[in-house]
Amino acid sequence: MDVLRAIVAAAMLMQAVQPSSSQSLGQENDVARGTILATGLATLAEINLSEGRHDAAVAEYEAAIAITAPEVWNQRSYISEGDLSTDDIAYGEHQMQQLLKDRPEMAQHGITDSPIYRWTVRRFAGEGIGIRTEWDCRPPSQNEKGHYAEHDIALGDAPPRIRLAKEPNDKDGKPYADVFSWLWAGLVFEFYNLENSSEFLRLHVAAILGTVTTEQYVEGMLRAEFQAVDKLKAFYVTEFLPWARDEKVLTEPATWYMNWWGTLDHWRDYFSDKERYPWTYGKYYDAVLEWRERKADVESPNPQAKRC
């Protein structure tokens, strides 16, 4: 494995630093080389992780994130201990306890005594977006393979909500073996995605006013969620991976998008199938369009939660 590691590192680094054939390197070439370098570092990190060298893996992942998402890395937030009331914390604790009751696979490995658990309690309590978030026991509303987590932004009297699949599966409908990791990654991602609520609301209003096309609406959703993915990676490296090391919990980096180091353009190209994510957001746009054309009251896209 040491030979393989050396080969991978040499190949990735050589590609990253190889001069461009163009006379002007330009920002585009710098970004491309950064993506290649980050991919090489992440490959080494995954090898180190598989062989039990967690500290080396963390350092390599940190470097990869710093290269591809410097703003996120420089502003990464660690687990806080202040600025929330006792009532807020009690509310967040209640939401997490109900979540673990509804999704018991997430309660494994003693995680309720971890900083990870305390972070999610605080997020339900209002940290990050300034208002409390509600756990919704129903599965995600989009009946789509590979769709295992979603949220609602706050609209009117309805609070923000998060939903997780009972049996997460991939885009081909094959159940994931490590339900624990997939659901935790999905929960953390949706908390970060809720930080994009103002952008999601702007897009929703623009759709109502007819000032954006379907393509622009979907692009806006994709761009916002791409930022949430970068934050998810930083959380994995700074919080989840060190906890997993200490508790000897096996973790699959791909669950946390640690195998993805492309740019937004790469992300967009990868999801080119208009029958799948992110084009499924076109359904929301179409619903708004239908409402606008009929000018009739329809069910809100953020309905009040129903009993499970």
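Here goes a summary of the coordinates provided. Treat the numbers as computed from the prediction; the structure is a model and nothing was measured.

Parameters and conventions
- Residues numbered from 1 in each chain as written.
- Predicted model: local features only at pLDDT ≥ 70, side-chain atom pairs only at ≥ 80, totals over all residues.
- Heavy atoms only, no water.
- Helix = DSSP H or I, 4+ residues; strand = E, 2+ residues; numbered from the N terminus.
- Buried < 20%, exposed > 50% of the residue type's maximum accessible area, 1.4 Å probe, protein only.
- Areas by Shrake-Rupley, 256 points an atom, 1.4 Å probe, with all protein chains shown as cover.
- Patch = residues over 30% accessible without salt bridge, like charges linked within 9 Å, V, L, I, M, F, W, Y side chains within 5 Å.
- Salt bridge = Lys/Arg side-chain N within 4 Å of Asp/Glu carboxyl O.
- Expected span 1.5 Å × (residues − 1).
- Arc of directions from axis to C-beta.
- Contact = heavy atoms within 4.5 Å.
- Pairing = 2+ DSSP bridges.
- Phe/Tyr/Trp six-rings, centres within 6.5 Å; stacked < 30°, edge-to-face > 60°.
- Lys NZ or Arg CZ within 6 Å of the ring centre and 35° of its normal.
- Axes fitted to C-alpha atoms, helices over the stretch in contact; angles between N-to-C directions.
- Parallel < 35°, antiparallel > 145°, perpendicular 65-115°, else oblique.
- Nonpolar A, V, L, I, M, F, W, Y, C, P; charged D, E, K, R; others polar.
- Core = buried A, V, L, I, M, F, W, Y, C linked by side-chain atoms within 4.5 Å.
- Polar contact = N/O pair within 3.5 Å; in protein donor to acceptor, adjacent residues only side chain to side chain.

Counting secondary structure elements, the chain contains 11 helices and 3 strands. Going from N to C terminus, the chain has its helices and strands arranged as α-α-α-α-α-α-β-β-β-α-α-α-α-α. Looking at the chain residue by residue over its 308 residues, the buried ones come to 46%. Split by element, the accessible area of the chain, about 16,100 Å² in all, is 52% carbon and sulfur.

Residues Leu 201, Val 205 and Leu 209 make up a contiguous nonpolar surface patch of about 260 Å² in total accessible area. With respect to the element layout, Val 205 can be found in helix α8 (residues 197–209). Judged by relative accessible area, which is 36%, Val 205 ranks as partly exposed.

Between its first and last C-alpha, helix α11 (residues 282–294) extends 18 Å over 13 residues, near the 18 Å set by a 1.5 Å rise per residue. Within the sequence span of α11, burial applies to Gly 282, Tyr 285 and Val 288. For α11, the angular spread of the buried residues around the axis is 120°, confining them to a single face. The inward-facing, buried residues of α11 contact α8 and α9 (214–246).

Within the secondary structure layout, Val 237 lies in helix α9. Judged by relative accessible area, which is 0%, Val 237 ranks as buried. Not counting chain neighbours up to four residues away, the residues in contact with Val 237 comprise Val 58, Tyr 61, Glu 62, Ile 65, Trp 73, Pro 242 and Met 258.

The 3 strands are arranged β1-β3-β2 in an open sheet whose pairing can be described as mixed. Two strands in the sheet have a free side with no partner beyond their single neighbour: β1 (134–135) and β2 (149–152). Note: β2 against strand β3 (residues 161–164), 4 bridges, orientation antiparallel. When the bridges of β3 are listed, Glu 150 appears paired with Arg 163.

Another aspect to go through is the packing of aromatic side chains. Tallied over the entire structure, the rule returns 26 aromatic pairs. Arranged with centres 3.7 Å apart and planes meeting at 15°, the rings of Tyr 176 and Trp 182 form a pair that is stacked. Here the aromatic residues Tyr 61, Trp 119, Phe 124, Phe 180, Trp 184, Phe 191, Tyr 192, Phe 235, Tyr 236, Phe 240, Trp 243 and Trp 256 are joined through ring pairs into a cluster of three or more. Positioned over the ring face of Trp 261 is Lys 233, at 4.0 Å from the centre of the ring.

Take the pattern of salt bridges next. Summed over the entire model, instances satisfying the criterion amount to 16 salt bridges. The shortest N-O distance in the salt bridge between Arg 53 and Glu 51 comes to 1.9 Å. Residue class for Arg 53 comes out partly exposed when judged on its relative accessible area of 34%. Residue classification places Glu 51 among the partly exposed residues on the basis of a relative accessible area of 29%. The network of salt bridges with common partners includes Asp 136, Arg 138, Glu 150, Asp 152 and Arg 163.

Side-chain positions along a regular strand alternate between the two faces of the sheet. Alternating residues of β3 divide into Arg 161 and Arg 163 and Ile 162 and Leu 164, and every residue in both groups is buried. Where β1 lies against β3, 2 bridges are found, and the strand directions are parallel. Bridge assignment links Glu 134 to a residue of β3, and that residue is Arg 161.

It is worth spelling out the packing of helix α3 (residues 54–68) against α9 at this point. At a closest axis distance of 10 Å, the pairing of α3 and α9 adopts a crossing angle of 175°. The angle between α3 and α9 places the two elements in the roughly antiparallel class. From α3, His 54, Asp 55, Val 58, Tyr 61, Glu 62 and Ile 65 reach across to α9, where they touch Lys 233, Ala 234, Tyr 236, Val 237, Leu 241 and Arg 245. A per-class count over the contact of α3 with α9 returns 7 nonpolar, 1 polar and 4 charged.

What follows is about the nonpolar core. Residues Trp 184, Leu 187, Phe 240 and Trp 256 are the most contacted members of the largest nonpolar core, which totals 64 residues. Not counting the four nearest positions on each side in its chain, Phe 240 is found in contact with Ile 111, Ile 116, Phe 180, Trp 184, Phe 235, Thr 251 and Trp 256. Counting 13 residues, the second-largest nonpolar core is a separate cluster that includes Phe 200, Val 218, Ala 224 and Val 288.

Secondary-structure assignment places Arg 163 in strand β3. A distance of 2.8 Å separates the side chain of Arg 163 from the side chain of Asp 136, its partner in a polar contact. When residues no more than four places from it in sequence are discounted, the contact partners of Arg 163 are Trp 135, Asp 136, Arg 138, Pro 139, Pro 140, Ser 141, Tyr 148, Ala 149, Glu 150 and Asp 152.

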